[in-house]
Amino acid sequence: MRHVLAALGFFLICLFCSIGCTSGDNCSSGGHCECSGGDQCFLGCDGDHCDQDCHSVGSLCGTVCGDDCNSRCRDAGSVCSESCGARCTLDCGHTPTCGVQCGDNCHLTCHDTPECAAEVGPNSDVTCQSVGTICQVKCNGNCTVQCTNTPNCQISCADNADATQCEPGRYACGGC
């Protein structure tokens, strides 16, 4: 997980150096921004309530946003990274690695990928669906994690407590 989160940090730094949008929108608060094609795409939303879509690149896709955003990252050749504040809805899939960080009340879906590493805030929910090798989730407060067709889910809770298995494939930090 450290490797994926370190890669996420690197891509976030790159994000501030190179922002590309092919949608024509300025990625300002409340706007839609889309990036695709080429080797790398990085989207940075200057504010909240953004709708971001990064897809179909040879190597790296990355998104950064404030609060209340929707972000999709898919079909990257090596890594999709997403970072968002509170109350975001994030989707990452069809790429070798997903690395995600978000704040409180996030809704994350990692799907159809070999690896997913996520760090989420309190009251968040994570779905790992068809994550082939490992789905690692660090919960910084109460959270739930649903693992479907994912052979290895590792959930760590903020207080170093073990996650509770609520039912087959569904886990929680802070009680079911």
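One structure accompanies this document, and this report is about it. (Residues numbered from 1 in each chain as written. Predicted model: local features only at pLDDT ≥ 70, side-chain atom pairs only at ≥ 80, totals over all residues. Heavy atoms only, no water.)

### Description of the overall build of the chain
Check the secondary structure of the chain and you find one helix and 14 strands. The burial tally for the chain puts 45% of its 176 residues in the buried class. For the chain, the exposed area adds up to about 7,500 Å²; of that, 46% sits on carbon and sulfur atoms. (Helix = DSSP H or I, 4+ residues; strand = E, 2+ residues; numbered from the N terminus. Buried < 20%, exposed > 50% of the residue type's maximum accessible area, 1.4 Å probe, protein only. Areas by Shrake-Rupley, 256 points an atom, 1.4 Å probe, with all protein chains shown as cover.)

### Thoughts on the side chain of S71
Structurally, S71 can be placed in strand β5 (residues 70-76). Engagement of the side chain of S71 in a polar contact is seen with the side chain of E82, the distance being 2.9 Å. With residues up to four places along the chain from it excluded, the contact list for S71 reads Q52, T63, E82, T89, L90 and D91. (Polar contact = N/O pair within 3.5 Å; in protein donor to acceptor, adjacent residues only side chain to side chain. Contact = heavy atoms within 4.5 Å.)

### Let's talk about the nonpolar core
Ranked by internal contacts, the top residues of the largest apolar core, which has 40 residues, are C61, V137, C139 and V145. Top contributing element to this core by residue count: strand β10 (residues 124-139), with six residues. Leaving out residues up to four positions away in the same chain, C139 has contacts with V120, V145, I155, S156, C157, A158 and C173. (Core = buried A, V, L, I, M, F, W, Y, C linked by side-chain atoms within 4.5 Å.)

### Comments concerning the environment of N149
Among the secondary structure elements, N149 is positioned in the loop between β11 (143-148) and β12 (153-157). Each residue touching N149, except ones within four places of it in the same chain, is listed here: S130 and V131.

### Considering the pattern of salt bridges
Scanning the entire structure with this criterion turns up five salt bridges. R72 is the partner of D51 in a salt bridge, and the nearest nitrogen-oxygen pair spans 3.0 Å. Placement of the pair is D51 in strand β3 (residues 51-57) and R72 in strand β5, with a sequence separation of 21 residues. For D51, a relative accessible area of 25% puts it in the partly exposed group. The exposure class assigned to R72 is partly exposed, which follows from its relative accessible area of 25%. Of the charged contacts in the structure, one is a salt bridge between R87 and D67, with a shortest N-O distance of 3.9 Å. In this pair, R87 sits in the loop between β6 (79-84) and β7 (89-93) while D67 sits in the loop between β4 (60-64) and β5, placing the two residues 20 residues apart along the sequence. You can call R87 partly exposed: its relative accessible area is 43%. Through salt bridges with shared partners, a single ionic network connects D51, D53, R72 and R74. (Salt bridge = Lys/Arg side-chain N within 4 Å of Asp/Glu carboxyl O.)

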